[in-house]
Number of protein chains: 2
Amino acid sequence: MAESLLDIAEVAERSGLAPSALRFYENRGLIASAGRNGLRRTYRPDVLERLALIACARGAGFTIAEIARFLLATPDDTKLRAHMAKKARELEEDIARLTRMRDGLHHASMCMHEPLVECPDFKRTFESSATLTPSPGR
Amino acid sequence: MAESLLDIAEVAERSGLAPSALRFYENRGLIASAGRNGLRRTYRPDVLERLALIACARGAGFTIAEIARFLLATPDDTKLRAHMAKKARELEEDIARLTRMRDGLHHASMCMHEPLVECPDFKRTFESSATLTPSPGR
DNA sequence: CTGTGACTTGAAGCGCGCTTCAAGTCAAGG
DNA sequence: CCTTGACTTGAAGCGCGCTTCAAGTCACAG
């Protein structure tokens, strides 16, 4: 009945992560193994969904610790909900910044200014962000 | 005539960066000082624009080395242009990921599933990203 | 029973982006 | 002239997210 469990190597291959990374995640509470086959960790197939979520979150700039907190969330944890909502708002800013950067790069990749960084159009892309977000960490 | 130059402390305060970070950036070729007043670095005011650009690029996931390369770009550097265009495309993916994450978080912040991570709507947000981008680095 | 070889562990190491530190230097004020 | 104090330097240190390493253990093939 334990036939559907995945070996760590299998999870590593399917997820594109190194086994060491999986152990690291387990250590940090992001994933749980379903048991062992000898010394080998085995995982339930749904760990792959979990890993996809983690990859997405990591790519969105969340730290391992933050992800761990979010994964433990229950509906009555209002503090955490607030934290999530705040993060969602921060993501809006990040998206705006990435969009600006993308536009700037796109322009730069075909602008003829020498050097490119002096191009007024290019500069204009960034002037709205003159004052930094005093964001802690990141 | 050098009246308009800014002292490093002034630049630090206005940009929100630590003086050590400014020295670090100078060391890496991201900015240049206009000279010294005694030992003290002085900068032309336009360094602030430059720093805003750098902050934006950093926030968009560029490494210091990448930014340095981009800042030296000239219109005839076709390789670098290609690199820029590629980066712009990668940013599209990043934006998509951040958007998904934002939507997921937004939903999670008011979903009633116990635990939140098991919510099917929440999961659906990420299922499209089942296979990881095998992006190097980041 | 004996290899083989992929896993296990905890600890150390690495690359990045700075920060901190020890030791030194300078401009300005008294 | 001497002190003050913010700067200077190069080098070391730090936090994060893993990776690598040395040493050990297990399942399975022969």
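For the structure, see preceding data.
In this text the structure is predicted, and so the values were computed from the model without any measurement. Here the residue numbering is sequential within each chain, running from 1 through the sequence in written order. Note on labels: chains are lettered from A, ligands numbered from 1, in written order. Only residues with pLDDT of at least 70 are given local features in this predicted model, and only at 80 or more are side-chain atom pairs given and counted; all residues enter the totals for whole chains, interfaces and linings. Computation of side-chain values covers all heavy atoms of the structure but excludes hydrogens and water.

**Student:** Break down the environment of P19 of chain A for me, citing the residues and quoting the values.
**Tutor:** Residues and elements named next belong to chain A. Strands here mean DSSP runs of E at least two residues long; helices mean DSSP runs of H or I at least four residues long; both are numbered from the N terminus. By the secondary structure assignment, P19 is in helix α2 (residues 19-27). Sequence spacing of P19 and A9 is 10 residues, and the spatial spacing of their C-alpha atoms is 6.5 Å. For this analysis, residues touch if any pair of their heavy atoms sits within 4.5 Å. Every residue in contact with P19, bar those within four places of it in the chain, is listed here: I8 and A12.

**Student:** Describe helix α6 (residues 120-127) of chain B, naming the residues involved and giving the relevant values.
**Tutor:** Buried residues are those whose accessible area, probed at 1.4 Å on protein chains only, stays under 20% of the maximum for their type, while exposed residues exceed 50% and partly exposed ones sit between those limits. Among all positions in α6 of chain B, only F122, T125 and F126 of chain B are buried. Down the axis of α6 of chain B, the sector holding all buried residues measures 85 degrees, keeping them to one side. Those residues of α6 of chain B hidden inside the fold are in contact with α3 (47-59) of chain A together with α5 (78-108) of chain B. The arc in question is traced by the directions running from the helix axis to the C-beta atoms.

**Student:** So what's going on with the interface of chain A and chain B? Residues and values would help.
**Tutor:** Opposite the 53 residues of chain A that make contact, chain B presents 52 residues. A quick way to say it: buried area is the sum, across both parts, of accessible area lost when two parts are put together, with a 1.4 Å probe. Together chain A and chain B conceal approximately 4,500 Å² of surface at their shared face, both sides included; 71% is due to carbon and sulfur atoms. Here, a salt bridge means any Lys or Arg side-chain nitrogen found within 4 Å of an Asp or Glu carboxyl oxygen. In this structure, the connection of chain A to chain B is made through 4 salt bridges. Its salt-bridge partner being E92 of chain B, residue R102 of chain A comes within 3.2 Å of it at the nearest N-O pair. Pairing of N or O atoms within 3.5 Å defines a polar contact, subject to two protein rules: one partner must be a possible hydrogen donor and the other a possible acceptor, and residues neighboring in sequence count only if both atoms are side-chain atoms. Seen at the junction of chain A and chain B, the total is 12 residue pairs in polar contact (both at pLDDT 80 or more). Elements represented by at least two residues in the side of chain A that touches chain B include exactly α3, α4 (64-71), α5 (78-108) and α6 (120-127) of chain A. The leading source of residues in the side of chain A that touches chain B is α5 of chain A, at 18 residues. Grouping the constituent residues of the side of chain A that touches chain B by class yields 30 nonpolar, 9 polar and 14 charged. Classification convention: Asp, Glu, Lys, Arg as charged; Ala, Val, Leu, Ile, Met, Phe, Trp, Tyr, Cys, Pro as nonpolar; all other residues, Gly among them, as polar.

Function cannot be read off these values alone, since they describe shape.
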